[in-house]
Amino acid sequence: MTESTNDRRQKLNGLRGRISSAGSKNDLIDAIQDALAVSAPVGDPKVIESLGKRYTGQTDEADKVGDRIDGVARKGLPQVWVGDTSVLASDVVSAAAGDARQMIEAFQCGGKALIALSDALETAQTKDGNGRSMLRDARTLLGGRDGFFDDWHEDDGEEEVRLRARSLASVGVDALHEAAAEADEAARIASRDLNKMAAEARAGQMDTDELTAADRLALADTSNPGYSEMNEILTANDLERAGRAMEKLSTADQTRMEILLVSASTPQEKAYLMKALAAGYGIGEVEEFGGKIHGKDPGWLQQHLTPISTGMPPGQKGKEEHKYGDKLWDQDGPTCVPSSTVTARALVDPVYALELTGGPDGKDDDPDRFLERLRDEQLRMYEEGDGDYEGWWWDRQMAGMDSDGQEKISNNEIGPHTGDKYDTQDMDGADDRRDVLPDIEKSVAEGKPVPINVSRKDEDGDWVGHSLVIVGQEDGMLQVYNPWGTTAWVSEDDFIKGDLSAATNERYSKGHGGDLDTVYIERD
């Protein structure tokens, strides 16, 4: 089995301690041999660089495509309809222009990511080679292994040789560890950027012959009002699932779905109909949902069907509140696990979101009634996840939910609408968090929320936990939803450190004993 970059990094970090503290010749020999057995950073920098240059070389061709589309747009288009779902030609050209811009960005960013990986890998391999030379020189200095009785006594000359070899080996293993760390970080960043670019190749995610290319292009480009790039209605995962669902419909049901889409009054309405299909609903349920949202303007759709809309760009400090009317999408009492799960499901399931914001008929717009339904759902999931209670039977108080309950409700409530499975993964330190981060970033880039848990010690010295959900990633930042009704951007570095205070408060900072210890995600 091939070692991962993080495996090598961890092994070498442990071997640094073994070598620097080796108290006998044989112990030092064993540690040196174990260090030399750890594989060097793998990969061919020249091949990776060549691929990166090919990517960046395609930018000129993508620019030409963009110029041709701009030329069409500048000529002006009549109000003609194209595609199976009657998309305005002007909307298709606008979407194509956006796709061309994304294509240019993908080639540029993908090429830069690969060239940066090539440079970092070449540097790491050189450093690793120098370190291995020092380890071999140290091993040569030590000579043969001591026998059983030789190991009992070490004279001054033997000690001097051992200490000199140990010093040389320490420098060598440090070089190996630095090389492994640099290669690991470069591979993680390249993986993050390439996964993000793949997820943003949006129109191609909807693999179905039941919609024209114009339809797919327009649907993939449709956003809610505001910061469009962060508020696209259909995620990469939605597009893929919607395409598969369309292919599975009978001919009669495909016709029913096409009628719904043709009848939609706005691109946003069409996108939410497809999102309902992607969430796993049958054609009858999508038709019922369509009847409730038909004719509503984009602002109404956003308010009722999307609990988290992003207005703060990545890297901006502070917290962004998320409300329906004047009521926050927040928890009540120790219900952070079910509360974060309710919001995560509403984020991927617009039918469910409307049941919360508009009631059974979709028409109950009273924010107070929304809050009642939100609390009822939080309580239902609390019971579903076997949440704990404390106190006497006549005065029982909620006492939180354990990881088994959180895994259960994540799989029951979110999984059916994303196609994902949620497994509990403990994170015992920075290495574990660094190792799982690429999987988290890939999931959220595709539009699949990832629950996490943080913990801290309270004033009495007792451990207190809190549940959050990662809902987005951009430019080395993670967007984290807190069931206090807010989102915030957290840097990758703070995530690796286990410091989620930017999304919570100072009580969860490392200085106050805060830690990020659990993530719920399926891993290979």
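Scroll up for the structure.
Residues numbered from 1 in each chain as written. Predicted model: local features only at pLDDT ≥ 70, side-chain atom pairs only at ≥ 80, totals over all residues. Heavy atoms only, no water.

Enquirer: Is there a simple way to explain the sheet that holds strand β8 (residues 424-426) in this structure?
Expert: Backbone hydrogen bonds hold the strands of a sheet together, and the pairing may be parallel or antiparallel. Spatially, 7 strands are ordered β3-β12-β11-β10-β9-β13-β8 in an open sheet, and the strand pairing comes out antiparallel. Of all strands in the sheet, those with a lone pairing partner are β3 (320-321) and β8, marking the two edges. As defined by bridge partners, β8 adjoins strand β13 (residues 515-520) across 3 bridges and the pair is classed as antiparallel. Note that in β13 the partner of Asp426 across the bridge is Thr518. The strands touched by helix α16 (residues 403-418) are β8, β9 (450-457), β10 (463-474) and β13; relative to β9, the strand with the most contacts, the crossing angle is about 160 degrees. In the packing of helix α17 (residues 430-445) onto the sheet, contacts are made with β8, β9, β10, β11 (477-482) and β13, and the angle to β10 comes to roughly 50 degrees. (Pairing = 2+ DSSP bridges. Helix = DSSP H or I, 4+ residues; strand = E, 2+ residues; numbered from the N terminus. Contact = heavy atoms within 4.5 Å. Axes fitted to C-alpha atoms, helices over the stretch in contact; angles between N-to-C directions.)

Enquirer: Explanation requested: the pairing of β11 in the structure shown.
Expert: The two faces of the sheet receive side chains in turn, since in a regular strand these alternate between them. Where burial is concerned, most of β11 is hidden: 6 out of the 6 residues are buried. Burial along β11 is two-sided: the face carrying Met477, Gln479 and Tyr481 and the face carrying Leu478, Val480 and Asn482 are both buried. As paired strands, β10 and β11 are joined by 5 bridges and run antiparallel to one another. Along β11, the bridge assignment pairs Gly472 with Gln479. From the end of β10 to the start of β11, which pair antiparallel, there are 2 residues, and Asp475 there has a positive phi angle of about 55 degrees. Where β11 lies against strand β12 (residues 486-491), 6 bridges are found, and the strand directions are antiparallel. Note that in β12 the partner of Gln479 across the bridge is Trp489. Between the antiparallel neighbours β11 and β12 lie 3 residues, among them Gly485 with a positive phi of about 100 degrees. (Buried < 20%, exposed > 50% of the residue type's maximum accessible area, 1.4 Å probe, protein only.)

Enquirer: Is there a simple way to think about the environment of Glu122 in this case?
Expert: Looking at the element boundaries, Glu122 is found in helix α5 (residues 89-142). Look at Glu122 and you get partly exposed, because its relative accessible area is 36%.

Enquirer: How do you make sense of the packing of helix α8 (residues 236-248) against helix α10 (residues 267-278) when you look at a structure like this?
Expert: Each pair of packed helices can be summarised by the angle the axes make with each other and by the distance between the axes. Where α8 meets α10, the axes come as close as 8 Å, and the angle between the chain directions of the two elements is 75 degrees. As judged from the angle between their axes, α8 and α10 are roughly perpendicular. Here α8 contributes Asp238, Arg241, Ala242, Ala245 and Met246 to the contact with α10, which in turn contributes Met274, Lys275, Leu277 and Ala278. When grouped by side-chain class, the residues that make up the contact of α8 with α10 number 6 nonpolar, no polar and 3 charged. (Parallel < 35°, antiparallel > 145°, perpendicular 65-115°, else oblique. Nonpolar A, V, L, I, M, F, W, Y, C, P; charged D, E, K, R; others polar.)

Enquirer: Help me out: how do you make sense of the pairing of strand β7 (residues 397-400) in this one?
Expert: Direction of pairing for strand β6 (residues 388-390) relative to β7: antiparallel, over a ladder of 3 bridges. Note that in β7 the partner of Asp388 across the bridge is Gly400. Where β6 folds back on β7, the antiparallel hairpin that results is connected by 6 residues, among which Gly391 adopts a positive phi of roughly 95 degrees.

Enquirer: Explanation requested: the pattern of salt bridges in the structure shown.
Expert: Side chains carrying opposite charge are able to pair once their charged atoms draw close together. Enumeration over the complete set of coordinates arrives at 38 salt bridges. Across the pair Arg188 and Glu185 runs a salt bridge whose closest N-O atoms are separated by 2.8 Å. With a gap of 3 residues between them, Arg188 and Glu185 both fall in helix α6 (residues 156-199), about one helical turn apart. Residue class for Arg188 comes out buried when judged on its relative accessible area of 4%. (Salt bridge = Lys/Arg side-chain N within 4 Å of Asp/Glu carboxyl O.)

Keep in mind these values describe shape, not function.
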